[in-house]
Amino acid sequence: MGSVFSGNKIIEKVIIPKTVTSLSSTFQDCSALSEVVNTSQLKTVNYAFYNCSSLKTIDLSSCEILGYSSFGGCSQLENVVLKACKRIEDNVFSGNSSCLKLKTVGDISHCESIGGWAFQGCSSLTSVDLSSCKTIGSSSFSGCSALESVGSTKLLTNIPESAFYGCSNLQNIDLSNCTSIGSSAFYGCSKIKHLNLDKCTYISRYAFAYCGIEEINLSSTKTIEDYVFNGCSSLTKVTGLKLIKSLPAGIFYNCYKLSSIDLSEIESLGANCM
């Protein structure tokens, strides 16, 4: 179904024919729409419910692809039932305004990719399962301040910029297979205390600024940029500085409890590095 109801400000309830398996811009800007029936058979949804600001819940248990901005601007959306989703594209739950009330998206353990800004600003979302996820986009979970758990992340080899920026309740994340971490990826994740960076060779600026990290081993890291651990006030011990010859500016700035660090291999120190 194409954009047949797009812009309709009156319609409140829709019963979708059971033969329909795909929606594209179908209910865009239907601001009064609060109930959609017969959605469990839908396979793909693209921009379909953008700005449906009265919609609170929807069953997409058969949906495999959530397309661009499908629920952007759904300010009252609280619950989406997913079970078969394999791909969540850019801005699905953000866009014109984020889904601030979104609490659950069901089971996304089969999802292999999540696009940029997909869940940006979903500040009521508490958990997701990324156990099948191989790629996530920039700022994909930025501003998800209630997010506590993301499940297994062993398939992620790259964490892009601002992916978990401001996820202040995120407690654990497995980075054991991650080789690169983008700028501000975990900025402000104050409850993360332990990290495994055994395969991480590159860490961009501000990646772990203001995290709750207590100890860190950087034995695999070859390139590290400015202010990576700035404001990590619980950090006490740093080991493995063997492949890094220069400490960049502000890397351990405001790390007040740092008491153990071996600089024997370091050749130069940047401004305010400690």
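In short, a report on the structure. (Residues numbered from 1 in each chain as written. Predicted model: local features only at pLDDT ≥ 70, side-chain atom pairs only at ≥ 80, totals over all residues. Heavy atoms only, no water.)

**Side note on the overall build of the chain**
Helix and strand counts for the chain come out as zero helices and 20 strands. Seen along its three principal axes, the alpha-carbon backbone of the chain occupies a region of about 70 × 25 × 25 Å. Buried residues in the chain amount to 48% of all 274 residues. Long-range contacts, defined as pairs at least 24 residues apart, comprise 17% of the intrachain contacts of the chain with a sequence gap of at least 6. Per element, the accessible surface of the chain, about 11400 Å² overall, is 46% carbon and sulfur. One way to put it: in the chain the 21 positive side-chain charges average out to a point 4 Å from where the 22 negative ones average out. (Helix = DSSP H or I, 4+ residues; strand = E, 2+ residues; numbered from the N terminus. Buried < 20%, exposed > 50% of the residue type's maximum accessible area, 1.4 Å probe, protein only. Contact = heavy atoms within 4.5 Å. Areas by Shrake-Rupley, 256 points an atom, 1.4 Å probe, with all protein chains shown as cover. Lys, Arg positive; Asp, Glu negative; His and termini not counted. Charge placed at Lys NZ, Arg CZ, Asp CG, Glu CD.)

**A closer look at the side chain of Gln28**
Residue placement: Gln28 occurs in the loop between strand S2 (22-24) and strand S3 (35-37). Engagement of the side chain of Gln28 in a polar contact is seen with the side chain of Asp29, the distance being 3.5 Å. Apart from the residues within four sequence positions on either side, Gln28 is in contact with Phe5, Ser6, Gly7, Tyr47, Ala48 and Tyr50. (Polar contact = N/O pair within 3.5 Å; in protein donor to acceptor, adjacent residues only side chain to side chain.)

**Considering the environment of Gly121**
Relative to the elements of secondary structure, Gly121 occurs in the loop between strand S10 (113-114) and strand S11 (135-136). For the pair formed by Gly121 and Val14, sequence separation is 107 residues and the distance between their alpha carbons is 28 Å. Each residue touching Gly121, except ones within four places of it in the same chain, is listed here: Ser98, Cys99, Leu100, Ser142 and Gly143.

**Quick word on the packing of aromatic side chains**
On inspection of all chains with the given rule, the structure shows 16 aromatic pairs. On the basis of an interplanar angle of 25° and a centroid distance of 5.0 Å, the ring pair of Phe93 and Phe119 is categorised as stacked. You can see Phe93 sitting in the loop between strand S8 (87-88) and strand S9 (104-106) and its partner Phe119 sitting in the loop between S10 and S11, a full 26 residues away along the chain. This pair shows no difference in class: Phe93 is buried, exactly as Phe119 is. A centroid spacing of 5.8 Å and a plane angle of 10° characterise the contact between Phe208 and Phe229, whose relative ring orientation is stacked. Here Phe208, found in the loop between strand S14 (202-203) and strand S15 (215-217), pairs with Phe229, found in the loop between strand S16 (223-224) and strand S17 (237-239); they are 21 residues apart in sequence, far enough to count as distant. (Phe/Tyr/Trp six-rings, centres within 6.5 Å; stacked < 30°, edge-to-face > 60°.)

**Side note on the sheet that holds strand S5 (residues 57-60)**
In spatial order, the strands read S5-S7-S9; together these three strands make up an open sheet with parallel pairing. Among the strands making up the open sheet, the edge pair consists of S5 and S9. When strand polarity is set aside, the average angle formed by the axes of neighbouring strands in this sheet is 10°. Strand direction decides the pairing type here: strand S7 (residues 79-82) and S9, joined by two bridges, are parallel. Following the sheet pairing, Leu82 is matched in S9 by Gly106. (Pairing = 2+ DSSP bridges. Axes fitted to C-alpha atoms, helices over the stretch in contact; angles between N-to-C directions.)

**So, the side chain of Ser109**
Along the chain, Ser109 turns up in the loop between S9 and S10. Taking relative accessible area as the criterion, Ser109 reaches 14% and is therefore assigned buried. A polar atom in the side chain of Ser109 sits 2.6 Å from the side chain of Asp107. Not counting chain neighbours up to four residues away, the residues in contact with Ser109 comprise Asp129, Ser131 and Ser132.

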